[in-house]
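Report on the structure
As a plain string of letters, each chain reads:
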Amino acid sequence: MSAHCPPLTTRPFMTVDVFTAEPYRGNPVAVVLDGQGLDEGQMQSFARWTNLSETTFVLPPTEAGRAQGADYRVRIFTPAAEMPFAGHPTLGTCHAWLAQGGTPQDPTRIVQECAKGLIPIQPSAAGLAFATPATRALPLPAHLHLIYEALGITNEQVLDAAYLDNGPHWLCLLLDSPDTVLGLAPDLARIKALGHKVGVAARYQADDATPLIGRACREAEAFATGLRAAPAAAQAQLEVRAFSTTGVEDPVTGSLNGSLADWLIAQGHLQAPYMANQGACVGRDGWVSVQQDAQQQLWIGGQTVTCVQGTVLL
């Protein structure tokens, strides 16, 4: 260790796979379970080093947050920047906090404090589920036609569109069929240059068979390799893909599925409960549960599983 480096502290650490019950089929998040004493620069540097889509740092709740029921506070970093909220890091961090012995103030739910505010999380039949934070509609981008070109779609293939903010900003596009969604071969570099996160989705009809085009998905022969079994695909009501501003496809995305649920249900395109499937074209098989309670609150849930557990020097 060079003389100018500060002393490192041993901290509990986990990598949790989210929206899957089987390791390495979902979306991983790195969780540092004791972030006390780390400044923003150190957190950002470690997130850049892990190079996962998100790395989180668990902290005690603020005094105000604790008074409102918060059990812990989390800071969420991509390799490039801090985020106010993200879905799969919320579920993965909660999984790690509970596995490390965390005890919630309320035995029926966990309350996470983050930059977006307080996020309730509760056990569900699907694993863990978070309450969708408030979502607001933004004006559609003026260069929508350029985004369509980058995706390789036409106006006729887009049934509806919305630009939504629930922490992250997502341009949400409802397309004409799951075949169209699974068959996209987008220009990811161009999407990155255009500067908008893009989520695409399409509804399965009750009598849909597994889309044939999914068998030839260019990045992961998801059906042929068994990453997604044909009977399971028939259980999904929505097929989803997400393209980030980092130039990659996101495997399974909680915040996008939250925005999609708010929007699609409000517009009458879908009814809760339903299941969404995401990740086939990047070799994953993520399952996202959407539930709505008696107060009309939407809950986005999924299974979580520990893949790495130990300590990190940080």
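Residues numbered from 1 in each chain as written. Predicted model: local features only at pLDDT ≥ 70, side-chain atom pairs only at ≥ 80, totals over all residues. Heavy atoms only, no water.

Along the chain, the position of T93 falls in helix 3 (residues 87–99). For T93, a relative accessible area of 0% translates into the label buried. Other than its neighbours up to four places away in sequence, T93 contacts V31, T56, V58, Y72 and V74. (Helix = DSSP H or I, 4+ residues; strand = E, 2+ residues; numbered from the N terminus. Buried < 20%, exposed > 50% of the residue type's maximum accessible area, 1.4 Å probe, protein only. Contact = heavy atoms within 4.5 Å.)

Turning our attention to the nonpolar core. Among the nonpolar cores identified, the biggest contains 47 residues, and Y72, I121, L238, L260, W263 and Y274 are the most heavily contacted of them. Here this core gets six residues from one element, more than from any other, and that element is helix 8 (residues 254–266). Look past the residues within four positions of L238 in its chain and what remains in contact with it is A201, A202, R203, Y204, L260, L264, L270, Y274, M275, A276 and N277. A150, L175, V198 and F243 belong to the second-largest nonpolar core, a separate cluster that totals 21 residues. (Core = buried A, V, L, I, M, F, W, Y, C linked by side-chain atoms within 4.5 Å.)

The next subject is the environment of G302. Looking at the element boundaries, G302 is found in strand 17 (residues 298–302). Its relative accessible area of 2% is what places G302 among the buried residues. Each C-alpha atom of the pair G302 and F130 lies 9.4 Å from the other, and the pair is 172 residues apart in sequence. Excluding residues within four positions of it along the chain, G302 makes contact with F19, L91, A126, G127, L128 and W287.

With 13 residues, helix 8 should cover 18 Å at 1.5 Å per step; its first-to-last C-alpha distance of 18 Å lies within 8% of that length. Where burial is concerned, most of helix 8 is hidden: eleven out of the 13 residues are buried. Along helix 8, the residues that are buried comprise G254, S255, L256, N257, G258, S259, L260, A261, W263, L264 and I265. Positive backbone phi, approximately 80 degrees, marks G268, located one or two places after helix 8. (Expected span 1.5 Å × (residues − 1).)

Most of strand 12 (residues 198–203) is tucked away, with five of its six residues classed as buried. Pairing of strand 11 (residues 169–175) with strand 12 involves four bridges; the strand directions are parallel. The partner of L173 across the bridge, within strand 12, is V200. Summarising the sheet, strand 12 and strand 13 (residues 238–243) pair through six bridges and their orientation is antiparallel. Note that in strand 13 the partner of A202 across the bridge is E239. (Pairing = 2+ DSSP bridges.)

With that settled, consider helix 4 (residues 144–151). Among all positions of helix 4, only L144, I147, Y148, A150 and L151 are buried. Burial along helix 4 is one-sided: seen end-on, the buried residues are contained in an arc of 160 degrees. The elements touched by buried residues of helix 4 are strand 10 (158–165), strand 11, helix 6 (188–194), strand 12 and strand 13. Looking at the residues trailing helix 4, positive phi occurs at G152, about 80 degrees. (Arc of directions from axis to C-beta.)

Take the environment of C114 next. Inspection of the secondary structure assignment puts C114 in strand 6 (residues 110–114). Assessed through its relative accessible area of 9%, C114 is described here as buried. Taking the C-alpha atoms as reference points, C114 and R73, separated by 41 residues in sequence, lie 5.8 Å from one another. For C114, the contacting residues outside a window of four places in its chain are V74, P84, F85 and I119.

With the rule as written, the count across this model stands at six aromatic pairs. Between F57 and F77, the aromatic rings sit 5.8 Å apart at their centres with planes inclined by 85 degrees, giving edge-to-face as the arrangement. Separated by 20 residues along the polypeptide, F57 in strand 3 (residues 55–59) and F77 in strand 4 (residues 72–77) bring together distant segments of the chain. According to the relative accessible area criterion, F57 is buried, its value standing at 0%. On the basis of relative accessible area, F77 is assigned to the buried category, the value being 0%. Each residue in the set F13, F46, W49, F57 and F77 is aromatic and connected to the rest through ring pairs, giving one cluster. (Phe/Tyr/Trp six-rings, centres within 6.5 Å; stacked < 30°, edge-to-face > 60°.)

Here we come to unusual backbone geometry. Most peptide bonds are trans, and most residues other than glycine sit at a negative phi. Geometrically, the link from A272 to P273 is a cis peptide bond, its omega value of 5 degrees lying close to zero. With respect to the helices and strands, the residue P273 is situated in the loop between helix 8 and strand 15 (274–278). Even without being glycine, Q296 reaches a positive phi, approximately 70 degrees. Looking at where Q296 falls in the secondary structure, it is placed in the loop between strand 16 (286–292) and strand 17.

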